[in-house]
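Descriptive analysis of the structure
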Amino acid sequence: MNNILITGGAGFIGRNFIELLSSNYGKIYIIDNFSLGLREAFSSDKIKVIEFDLKNEFKMFDEIDCEEVHEIWHFAANSDIPSGIKNINVDFENTFITTLNTIKIANKYKVKKFNFASSSAVYGDWDIALKESLGPLKPISNYGSMKLASEAALCSFGFKEEVDINIFRFPNVVGVPATHGVILDFFKKIKLNGFLDVLGNGTQKKSYLHVKELISAMNFVNSKSNENINIINIGNNDDGITVKEIAELVVKKYDNEIKINYGENDYGWIGDVPKFKFNTDKLNNLGWRPELSSHDSVELAIDEIFNRLNL
Ligand SMILES: NC(=O)c1ccc[n+]([C@@H]2O[C@H](COP(=O)([O-])OP(=O)(O)OC[C@H]3O[C@@H](n4cnc5c(N)ncnc54)[C@H](O)[C@@H]3O)[C@@H](O)[C@H]2O)c1
């Protein structure tokens, strides 16, 4: 069985990946600095957690000392997009430098497969369905630009070292244990204030995928793809769900009436792509389709997050 190294493995998607796919692998190394990840123990003794900040190269290989690594899943990044808007260093360090350092780790262990969690944010703001061949790409957030820079670094690395690279472009991913995102944000605001202040006027409309389906799709693509550099949208091709609909579904969970206040802009924050829809022909033609629509994914995640928060 292949040994794998997962960066950001203590986070939302990393933990779901481990829960669903760890039986496919031998030893599992997790690197996380726990800046956003959850400090909950992992149950299996084949998992080794290395607490390390991947933006620091200094002494990296003193701290990261694995036996053999065959495959990398690189999830570590800044997932708090607004924090990267306030400070340009946040995404440069936690999204781009972490990728360069993970490439150095891949080089050291001579891995032959590298999987990367990219994002719809690399595309920028378009009024047509986002297809992998679209370009020139014009991200509108530091997060999106550092994901795109990471993709570029991985392309040249994969070509030069003959490492197969999967670049998965995710939509908004929902489920538990959420560490960030619109649903968690809404529940936290209601708990704090008793009402819900929505960023933007609620017309923002995006594509969502449940985390369990995301993991299933990545696993499927990883087993099927035979491209050296495989860039692929993972998600739904429906029209998405609006922020207003999400807000209304969230407040329905409460017995008492929760007032919703909307902002004025048609975006949530500067750098927020207000509307996007994925073209998923490449994924569908490979043979994978989601079972849940964007709406159903969000509805399920609202239940899961509500129950987990014990509200
Ligand atoms: N959740 C989504 O909707 C979504 C959408 C598009 C792309 N992605 C990408 O998927 C990946 C996983 O996202 P997530 O939702 O699980 O976020 P998350 O914040 O829960 O997980 C990211 C993990 O990376 C760790 N990390 C951050 N900076 C680090 C550093 N410098 N060194 C070591 N570890 C570091 C965090 O502690 C965290 O555990 C990220 O790359 C994210 O950009 C997520």
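Here we come to the sheet that holds strand β1 (residues 4-7). Pairing is parallel across the open sheet formed by seven strands, whose spatial order is β3-β2-β1-β4-β5-β6-β11. Every other strand in the sheet has two partners, leaving β3 (47-51) and β11 (229-233) as the edge strands with one partner each. The mean inter-strand angle of the sheet, taken between neighbouring strand axes irrespective of direction, is 15°. Relative to strand β6 (residues 164-170), strand β5 (residues 113-119) runs parallel, the two being bridged by seven bridges.

Turning our eyes to something else, we now look at the environment of glycine 263. Tracing the chain through its elements places glycine 263 in the loop between β13 (260-262) and α9 (281-286). Its relative accessible area of 28% is what places glycine 263 among the partly exposed residues. Those residues within four positions of glycine 263 in sequence are excluded, and the remaining contacts are Val198, Gly200 and Asn201.

Here we take up the site of the ligand. Around the ligand sit 32 residues in total, of which Asp32, Ser79, Tyr143, Lys147 and Thr179 are the nearest. Between the ligand and the protein, one listed contact pairs an oxygen atom with a backbone N or O atom of isoleucine 13 at 2.8 Å. Summarising the interface, the protein chains cover 97% of the accessible area of the ligand, which totals 820 Å² for the free molecule. Breaking the shell around the ligand down by element, the ones donating at least two residues are α1 (12-21), α4 (88-108), β5, α5 (142-161) and β7 (172-174). In terms of residue count, β5 provides more of the shell around the ligand than any other element does, three residues in total.

The next subject is the layout of surface pockets. A volume near 190 Å³ is recorded for the second largest pocket. As for the second largest pocket, its lining consists of Arg15, Ile18, Glu19, Ser22, Glu40, Ala41, Phe42, Ser43, Ser44, Ile47, Pro177 and Arg308. Sort the elements by how many residues they give to the lining of the second largest pocket and α1 lands first, with three residues.

As assigned here, the protein comprises domain 1 (4-173 + 208-233) and domain 2 (176-206 + 238-276 + 292-309). For domain 1 and domain 2, the distance between their C-alpha centres works out to 26 Å. Note on domain 1 versus domain 2: buried area summed over both sides is about 1,900 Å², and carbon and sulfur give 62% of it. Three residues, Phe12, Tyr208 and His210, lead the burial of domain 1 against domain 2; their summed loss comes to 38% of the area buried on that side.

In this section: the packing of helix α6 (residues 182-193) against helix α8 (residues 243-251). Contact pair α6 / α8: the axes reach a minimum separation of 10 Å and the direction vectors enclose 50°. If you check the angle between α6 and α8, you find them oblique. Judged by the twist between their axes, the crossing of α6 over α8 is right-handed. Taking contact as the criterion, the partners of Val182, Ile183, Phe186, Phe187 and Ile190 in α6 are, on α8, Val243, Ile246, Ala247, Val250 and Val251. Residue composition of the contact of α6 with α8, grouped by class: 10 nonpolar, no polar and no charged.

Taking burial as the measure, the five residues of strand β2 (residues 28-32) include five buried ones, the bulk of the element. Along β2, one buried face is formed by Ile28, Ile30 and Asp32 and the opposite face, lined by Tyr29 and Ile31, is buried too. Both β1 and β2 contribute to a ladder of four bridges, which runs parallel. Bridge assignment links leucine 5 to a residue of β2, and that residue is tyrosine 29. Since β1 and β2 lie parallel, the crossover through α1 that links them has a hand, and here it is right-handed.

One pass over the structure, following the stated rule, counts one cavity of 30 Å³ or more. Space inside the largest cavity adds up to approximately 40 Å³. Considering the residues around the largest cavity, the lining is formed by Lys113, Asp164, Ile165, Asn166, Ser225, Glu227 and Asn230. The greatest single-element share of the lining of the largest cavity, amounting to three residues, is contributed by β6. Across the lining of the largest cavity, the residue classes break down as one nonpolar, three polar and three charged.

Rules behind the numbers
Residues numbered from 1 in each chain as written. Predicted model: local features only at pLDDT ≥ 70, side-chain atom pairs only at ≥ 80, totals over all residues. Heavy atoms only, no water. Pairing = 2+ DSSP bridges. Helix = DSSP H or I, 4+ residues; strand = E, 2+ residues; numbered from the N terminus. Axes fitted to C-alpha atoms, helices over the stretch in contact; angles between N-to-C directions. Buried < 20%, exposed > 50% of the residue type's maximum accessible area, 1.4 Å probe, protein only. Contact = heavy atoms within 4.5 Å. Near = heavy atom within 4 Å. Polar contact = N/O pair within 3.5 Å; in protein donor to acceptor, adjacent residues only side chain to side chain. Areas by Shrake-Rupley, 256 points an atom, 1.4 Å probe, with all protein chains shown as cover. 1 Å grid on protein atoms, 1.4 Å probe; cavity = no way out; pocket = protein on both sides within 12 Å on 5 of 7 lines; lining within 4 Å. Points joined across faces, edges and corners; volume = space filled by probe spheres on them. Domains from an automatic or database assignment. Buried area = accessible area lost by both parts, 1.4 Å probe. Parallel < 35°, antiparallel > 145°, perpendicular 65-115°, else oblique. Left-handed = near helix turned anticlockwise from the far one by under 90°. Nonpolar A, V, L, I, M, F, W, Y, C, P; charged D, E, K, R; others polar. Right-handed = clockwise from strand over helix to strand, strands pointing away.

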